[in-house]
Each structure stands twice: as C-alpha cells, then as structure tokens.
Amino acid sequence: MAEFVQRRVEEQIPELEQLERVGLLTRGEVRSVVKKRTSLEYKLKRRVVEKEDFIGYVQYEINFLELLKKRRQRIGYSFKKDEIEFVIVQRIHQLFGRATNKWKDDLQLWMSHIAFCKKWNCRFQLSKIFSSMLAVHSDKPALWIMAAKWEFEDQLSTESARHLFLRALRFHPDSSKMYQEYFRMELMNVEKQRNEKEMLDKAKMDVGEAGYSDAILNGELARVVYKTAVEKITGAEFHLSLLTIAKKFQFTEELQKEILSDLKTLHTDDPLTWDFLARQELLINQSSTISKVHVQTGKSPEHSATRGAM
C-alpha cells in the first residue's frame, strides 16, 4: 500500500514544481501539499474506506483550485493555466467517479459532481455524468428534466433534450411534470427558431440551408406533445396547466383555441373547467365594458387610470 501511495504522490510532483517555478506556490507550500495529499491517499487505501474520505479529498483539491485561481488573478499570470489546472480537475473527476461508483445511491454525491462540472465548465464530462446518473436513478423524473434542460439551455442541443424527454417518458409515462416541461421545451424551441429566422429575413440572408421546418415553426411538434399529454394525463387541472404554458408564447393563438376546445370536450363534468371559463368570460366582459367607456368619453385608458389614481 505504501508503495502505491508513494507512486501516486510522486506522479503529482512535476505539476507542483511547475507551480513553484511560476511563483504560484512557495517551496514550503509545495511540501505542505505533498504531505496533505499523501495523508489523503492513505485514507483511500484503508481496508474500510468512508465516504467522508473521498469528500475530504475532493474538497481539498477544489480549495486548491480556488487558491490557484485567486493567485493567478492577483498577479495576472495565466501561463500554462490550462495545462496545470486540467490535471487537478481530472483528479477531482476521478475521485468523484470512484465515490459515485462505490455509493451509487447517494444522490448528493452525484449532484456535487454536477455542480463542480457546471462551475468549472466541464461540459463533456457533465454529459457523461448525467448519463451515468440516470442509469442508476432512472426512477427520479426531476433528474431527467434537469438533464434535458441542461442539454437544451446550456448545450443548445434540442435533439439531445428531446431524446432525453422521450426516454424519460418511457420510465415515467404518467408524469405530469415531465409532459409540462417537454411541452415548454418544444415551445421554447419554436420561439428560438422563429426569432432566428426573423433575424435572417431582416438581414435578407438566404434561410434555405438553415433547416427551418414549417412544421416546427408552426408549433406542430409542441402540439403533438400536448395531444399525447392529455391522452395520458386526465383532469382539467393538468389540461389548464398546459394552457397556462402556451399563453406565455405569442405565436400559440391557434394552439390555445384548440386546448380550450378540447378542455370543453374532455372535461365537461369537471368544476374547474366551468370555473375557468366563467372567469375568462368575466375578463372579456370587463375589457369590453372599459373599451366602450373609452370610446364614448373619448378618453384613453391611461387618462382614466390617471384620473382614478387622483
């Protein structure tokens, strides 16, 4: 065991000597790091290894990374930054990997690794971690949603996000939250593509090769998700939650009409349906009354509001 630990620590000495040469560590600090890492390595080689031993080692290396970051910023020195910090980051990934492999059910370990990857921009590693975590924790819808959102929002990969949602629904076919987030993602993708196409049109650029599908731009995929969702999840409350999501997007007028029509058809006997429709009718009547008053008096809504405030 001692020979193994010694070899692992010796492999780390070149990086420490490099840090000393560039002035980021003193000779005394190098010796301190070697001593601390030796102690931490011995803990991992004990017959009975505790989870806290891995957590302690990870935290030490993260603190070490933070120290180097602050010192680089203070002296304005970035030479060999990627080369040196990469080795430390990889060591942290390895420690997390060994820990999550040993304590697969510990969700907090997985989440800590994900948080580390996000902070240090380890995108490739994060995709692998999500994949490994979902293989173990496929029973947790929130994790599937987290992974899909990351692919869509951070990786800008609609296809990967869609693939994750479809896989997730095989495990959770009755998850209302899953359908809500999938529906929202498809609508966000429509909005994104419509905005991109509008910008290209304004710039008078050829959008023929950009791959914009009329079906997607018209929200057809989002509509398919909606239709599938209301077949799987019953109840006016869920149905109305999809309408609430659709209302956040300006291009969904026709889809909103369809959702309302289906609400009346599918949930005729649900009190929530008629409560919602009554409230909608009340709002329409109030708006119509206010508009008539403005026409008759020749005063704008802003003028009326000002007079009311006075």
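Now for a description of the structure that goes with this document. (Residues numbered from 1 in each chain as written. Predicted model: local features only at pLDDT ≥ 70, side-chain atom pairs only at ≥ 80, totals over all residues. Heavy atoms only, no water.)

A word on the state of the cysteines
Here, disulfide denotes a covalent bond that connects the sulfur atoms of two cysteines.
Next up, step 1: Inspection of every chain in the model, using the stated rule, returns zero disulfides.
Next up, step 2: Not part of a disulfide, C122 finds its nearest cysteine sulfur in C117, a span of 4.9 Å.
Next up, step 3: By relative accessible area, which is 11% here, C122 ends up buried. (Disulfide = S-S within 2.5 Å. Buried < 20%, exposed > 50% of the residue type's maximum accessible area, 1.4 Å probe, protein only.)

Topic: the pattern of salt bridges
Next up, step 1: Counting across every chain of the model gives 26 salt bridges.
Next up, step 2: Among the ionic pairs, E253 bridges to K257, the shortest N-O distance being 3.8 Å. Residue E253 and its partner K257 are both found in helix α13 (residues 253-266); the two are separated by four residues, about one turn of the helix.
Next up, step 3: Taking relative accessible area as the criterion, K257 reaches 48% and is therefore assigned partly exposed. (Salt bridge = Lys/Arg side-chain N within 4 Å of Asp/Glu carboxyl O. Helix = DSSP H or I, 4+ residues; strand = E, 2+ residues; numbered from the N terminus.)

Points about the nonpolar core
Next up, step 1: Of all hydrophobic cores here, the largest spans 73 residues; its most connected members are L19, F64, I92, F183 and L242.
Next up, step 2: No other element matches helix α3 (residues 51-75), which puts eight residues into this core.
Next up, step 3: With near-sequence residues (within four places) excluded, I92 lies in contact with V58, E61, I62, L65 and F116. (Core = buried A, V, L, I, M, F, W, Y, C linked by side-chain atoms within 4.5 Å. Contact = heavy atoms within 4.5 Å.)

So, the packing of helix α6 (residues 123-136) against helix α7 (residues 141-154)
Next up, step 1: Running from N to C, α6 and α7 cross one another at 160 degrees; their axes reach a closest spacing of 10 Å. Taken as axis vectors, α6 and α7 run roughly antiparallel relative to one another. Crossing geometry of α6 relative to α7 is assigned as left-handed. In contact with R123, L126, S127, F130, M133 and L134 of α6, α7 contributes L143, W144, M146, A147, W150, E151 and D154.
Next up, step 2: Looking at the contact of α6 with α7 residue by residue, the classes come out as nine nonpolar, one polar and three charged. (Axes fitted to C-alpha atoms, helices over the stretch in contact; angles between N-to-C directions. Parallel < 35°, antiparallel > 145°, perpendicular 65-115°, else oblique. Left-handed = near helix turned anticlockwise from the far one by under 90°. Nonpolar A, V, L, I, M, F, W, Y, C, P; charged D, E, K, R; others polar.)

Here we look at the packing of helix α1 (residues 2-21) against helix α4 (residues 81-102)
Next up, step 1: Here α1 crosses α4 at 150 degrees, and the two axes come no closer than 10 Å. Taken together, α1 and α4 sit at an angle that is classed as roughly antiparallel. Crossing of α1 over α4 shows left-handed handedness. Residue-level contacts link R8, Q12, E15, Q18 and L19 of α1 to I84, V87, I88, R91 and R98 of α4.
Next up, step 2: When grouped by side-chain class, the residues that make up the contact of α1 with α4 number four nonpolar, two polar and four charged.

Quick notes on helix α2 (residues 27-44)
Next up, step 1: Across its 18 residues, α2 extends 26 Å between first and last C-alpha, which sits within 8% of the 26 Å expected from 1.5 Å per residue.
Next up, step 2: Every buried residue belonging to α2 is among V30, V33, R37, L40, E41 and L44, and all of these are buried. One face of α2 carries all of its buried residues, which in axial projection span an arc of 100 degrees. Counted as exposed and oriented over 90 degrees from the buried face of α2: R27, R31 and K35.
Next up, step 3: In the core, the buried residues of α2 are packed alongside α1, α3 and α4. (Expected span 1.5 Å × (residues − 1). Arc of directions from axis to C-beta.)

A closer look at the environment of T265
Next up, step 1: Relative to the helices and strands, T265 is located in helix α13.
Next up, step 2: We classify T265 as exposed; its relative accessible area is 59%.
Next up, step 3: A polar atom in the side chain of T265 sits 3.1 Å from the backbone oxygen of S261. (Polar contact = N/O pair within 3.5 Å; in protein donor to acceptor, adjacent residues only side chain to side chain.)

Observations regarding the packing of aromatic side chains
To describe a pair of aromatic rings, you give the distance between the ring centres and the angle between the ring planes.
Next up, step 1: According to the stated counting rule, one finds eight aromatic pairs in the structure shown.
Next up, step 2: Plain terms: the ring middles of F96 and F116 are 6.3 Å apart, the flat faces sit at 40 degrees to each other, and that makes the pair tilted. Here F116 lies in helix α5 (residues 107-119) and F96 lies in helix α4, a separation of 20 residues in the sequence.
Next up, step 3: The exposure class of F116 is buried, given its relative accessible area of 4%.
Next up, step 4: Where F249 meets F251, the ring centres are 5.8 Å apart and the plane angle is 55 degrees; that geometry is what we call tilted.
Next up, step 5: For F249, a relative accessible area of 6% translates into the label buried.
Next up, step 6: A connected cluster of aromatic rings, assembled from ring pairs, spans F96, F116 and W120. (Phe/Tyr/Trp six-rings, centres within 6.5 Å; stacked < 30°, edge-to-face > 60°.)

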